[in-house]
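One-letter residues, chain by chain:
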Amino acid sequence: MALDDSRDRLWLIDDGKCAGHPNPDGGAKVVGIDPANNRIFANIVLKVPVLPGRLSRGQRRKIVSSIPSRYGTSRKRCWTSQGVRFYHVCSWRKCTIAAAVRIESVEILLVDVPTIRPHRMSVATMNCQTLVLVRIRCSDGVSGMGEGTTIGRFAYGEESPESIKVNIDTYFAPLLKGLDATRPGAAMAKLRKLFQGNRFAKCAVETALFDAQAQRIGVPLSELFGGRVTDSVEVAWTLASRDTRRDIDEAEQMLDRRQHRVFKLKIGSNAVADDVAHVVAIKKALGERSDVGVDVNQAWSESDTIWALPRFADAGVSLVEQPIAAANHASLKRLTDLARVPIMADEALHGPADAFALASNRCADVFAVKIAQSGGLLGAASVASIALAASIDLYGGTMLEGAISTIASAQLFSTLKWGSELFGPLLLTEEILTEPLRYEDFSLHLPQGPGLGITLDWERIERLRR
């Protein structure tokens, strides 16, 4: 058998001497398989035995003339360079792919989708979410999808939908084109070395690369991160109308539909006493049927939090998320040491380095892990590993993303047993998938297909995109 993969071109010859399966004609065989449909387009027997690495002109001509023109072969060569797969005939063993798989294009779309109701936080009120979708096309015909959606544009962080698009178009895409698509880690290492920050943009690109690679090898995305231990992830719902009666009614509906039984209340915009009264009333109304936590989004001082924490504990509140400024690690540690309610770090976590710093000083009881905020799936996995080593609990956070980042997060979170708030798609008025994500029995159920396991509704996306 002769094999030559120079310059990303490849041909494969079986010299007719396979043990147990000799070629009765005594010569070499070549079989070509169309990767689009797995059908044989060439099954060639060369009557004369072939010396390793050698083909006669007539043998070359016979091979090349049997390969369809759409594969771009040259009659001066006996190989093809556009994705034709050759199989070893005697044992029917896959030998290789004919050409190295390259990144061909990187496309960014901004898709504006209204929300089902105003989503009120201490930093912003959202009536519409802009999904930042990234599609990476590869030379083997596989396309991977990623998402880099933010909250409230610059009100929450240093990236906006527009800045993500501009930076990927201007800096990331030219660097990525032509790189080996089968090595997402190497591609991302180049981006991280050359470009600082841009965590959301990097997350979108990395997700698309891993989605494509998982599709390529035919496994769910979760299998690239150790394999899932569960096929569903429990999902909390955020109550963010600031209207106590409306929030209670909304929670009751979710419980009746068996959609959510864990609720997080967005607070921090009103006086501390008013926020506490709002939370206590909702917890009292829902009772033991559900868990209730709060997210302050950095709006309080340390003194405000110290006043509120015992009242939350007495009411049965299960979690307090990022009550103070993200940079104030010392204060966060004091609150964690003091509180009878677990304290969760969120905005303080921008990747593994922050996770290590917080874990080293035990500045929180729980880490809210978000793939975008961590700079990607790899960064989020590292944050989770640091937390587990420090006996810090994990919670799967959301940036109110659409279906792509939501299911990408769920694929990662399924490799460990932890709760989440991956409800983003349920907050949107428009569905961008041909088949919506499955939320039932208080959980998001993961698809079984390769990659992200979802199919996008491109007709609807084209209608919604800017």
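Residues numbered from 1 in each chain as written. Predicted model: local features only at pLDDT ≥ 70, side-chain atom pairs only at ≥ 80, totals over all residues. Heavy atoms only, no water.

**Observations concerning the overall build of the protein**
Across its full length, the protein holds 12 helices and 20 strands. Counting the 466 residues in the protein, one finds 54% classified as buried. Partitioning the intrachain contacts of the protein with sequence separation of at least 6 by distance along the chain shows that 66% fall at a separation of at least 24. (Helix = DSSP H or I, 4+ residues; strand = E, 2+ residues; numbered from the N terminus. Buried < 20%, exposed > 50% of the residue type's maximum accessible area, 1.4 Å probe, protein only. Contact = heavy atoms within 4.5 Å.)

**What about the sheet that holds strand β20 (residues 443-445)?**
Spatial strand order, β10-β20-β19: three strands in an open sheet with antiparallel pairing. Both edges of this open sheet fall to β10 (232-234) and β19 (438-440), since each of them pairs with a single strand only. Between one strand axis and the next, the sheet turns by 25° as a mean value, whatever way the strands run. Bridge count for β10 against β20 is three bridges, and the pairing is antiparallel. By the bridge assignment, valine 233 is partnered in β20 with leucine 444. (Pairing = 2+ DSSP bridges. Axes fitted to C-alpha atoms, helices over the stretch in contact; angles between N-to-C directions.)

**Comments concerning the packing of helix α9 (residues 352-360) against helix α10 (residues 377-389)**
Look at α9 against α10: their axes get within 8 Å of each other, and the N-to-C directions meet at 10°. Here α9 is positioned roughly parallel relative to α10, judged by the angle of their axes. For the pair α9 and α10, contact is made by Pro352, Ala355, Phe356 and Ala359 and by Gly379, Ser382, Val383 and Ile386, respectively. Residue classes in the contact of α9 with α10 are distributed as six nonpolar, two polar and no charged. (Parallel < 35°, antiparallel > 145°, perpendicular 65-115°, else oblique. Nonpolar A, V, L, I, M, F, W, Y, C, P; charged D, E, K, R; others polar.)

**Concerning the environment of tryptophan 300**
Along the chain, tryptophan 300 turns up in the loop between β13 (291-295) and α7 (302-315). For the pair tryptophan 300 and serine 269, spaced 31 residues apart in sequence, the C-alpha separation works out to 9.3 Å. Non-local contacts of tryptophan 300, meaning those with residues more than four positions away in its chain, are made with Ile267, Gly268, Val272, Asp275, Val276, Thr305, Ala308, Phe312, Pro323 and Ile324.

**A closer look at the pairing of strand β9 (residues 143-147)**
Most of β9 is tucked away, with four of its five residues classed as buried. One ladder, built from five bridges, connects strand β8 (residues 125-138) with β9; its direction is antiparallel. The residue of β9 that forms the bridge with valine 134 is glycine 146. Linkage of β8 to β9, two consecutive antiparallel strands, is achieved through a turn of four residues, within which glycine 141 is found at a positive phi near 90°.

**Here we look at the confidence of the model for the protein**
Overall, the predicted model of the protein reaches an average pLDDT of 83, with 77% of residues at or above 70. Below pLDDT 50 for its whole length, residues 1-28 participates in 80 contacts with residues either more than four positions away or in separate chains. Contacts for the low-pLDDT stretch residues 46-54, under 50 throughout, to residues beyond four places or in other chains number 22 contacts. (pLDDT = per-residue confidence, 0-100.)

**Here's the deal with the nonpolar core**
Generally speaking, a soluble globular protein has its nonpolar side chains buried in company with each other. Membership of the largest hydrophobic core comes to 120 residues, with the highest contact counts inside it found for Val106, Ile136, Ile168, Leu176, Val205, Phe312 and Phe367. Here this core gets 10 residues from one element, more than from any other, and that element is helix α4 (residues 199-217). Among all residues touching phenylalanine 367, those that are not within four sequence positions of it are Met344, Ala345, Leu349, Ala355, Leu358, Ala359, Val383, Ala387, Ile392, Asp393, Leu394 and Tyr395. Listed in part, the six residues of the second largest apolar core include Ala236, Leu319, Met344 and Ala368. (Core = buried A, V, L, I, M, F, W, Y, C linked by side-chain atoms within 4.5 Å.)

**Digging into the side chain of threonine 398**
Residue placement: threonine 398 occurs in the loop between β17 (393-396) and α11 (403-413). Relative accessible area serves as the criterion here: at 3%, threonine 398 is assigned to the buried category. Those residues in contact with threonine 398 that sit more than four places away from it in its chain are Ile151, Lys370, Glu421, Leu422 and Phe423.

**Digging into the pairing of β8**
Of all the 14 residues making up β8, 10 are buried; the element is thus mostly covered by neighbouring parts of the structure. Pairing geometry for strand β7 (residues 103-120) and β8, over 13 bridges, is antiparallel. Opposite leucine 110, over in β8, you have valine 132 as the bridge partner.

**A word on the pattern of salt bridges**
This structure, assessed with the given rule, holds 28 salt bridges. In this structure, the salt-bridge partner of arginine 216 is aspartate 140, at a minimum N-O distance of 2.6 Å. With arginine 216 in helix α4 and aspartate 140 in the loop between β8 and β9, this residue pair connects regions lying 76 residues apart in the sequence. Overall, the relative accessible area of 19% leaves arginine 216 in the buried class. One connected set of salt bridges, linked through shared partners, spans Glu107, Arg135, Arg137, Glu462 and Arg465. (Salt bridge = Lys/Arg side-chain N within 4 Å of Asp/Glu carboxyl O.)

**Looking at unusual backbone geometry**
Across residues other than glycine, the phi torsion is negative in most instances, and most of the peptide bonds are trans. For aspartate 441, which is not glycine, the phi torsion reads 50° and is therefore positive. Its location among the elements puts aspartate 441 in the loop between β19 and β20. The phi torsion at phenylalanine 442 lies on the positive side, around 70°, for a residue other than glycine. Of note, phenylalanine 442 is situated in the loop between β19 and β20. Residue phenylalanine 442 is classed as buried on the basis of its relative accessible area of 7%.

**Thoughts on the sheet that holds strand β16 (residues 366-369)**
Spatial ordering of the open sheet is given by β11-β12-β13-β14-β15-β16-β17-β18, a layout of eight strands whose pairing is parallel. Strands at the two margins of the open sheet, each flanked by one partner only, are β11 (237-239) and β18 (419-420). Two strands pair when backbone bridges link them, and strand β15 (residues 343-345) and β16 are joined in this way by two bridges, in the parallel orientation. Looking across to β16, one finds that methionine 344 is bridged to valine 366.

**Topic: the environment of arginine 257**
Tracing the sequence through the fold places arginine 257 in the loop between α5 (244-256) and β12 (262-266). For arginine 257, a relative accessible area of 49% corresponds to the partly exposed category. C-alpha separation for the pair arginine 257 and phenylalanine 442, spaced 185 residues apart in sequence, amounts to 8.8 Å. Engagement of the side chain of arginine 257 in a polar contact is seen with the side chain of glutamine 259, the distance being 3.2 Å. (Polar contact = N/O pair within 3.5 Å; in protein donor to acceptor, adjacent residues only side chain to side chain.)

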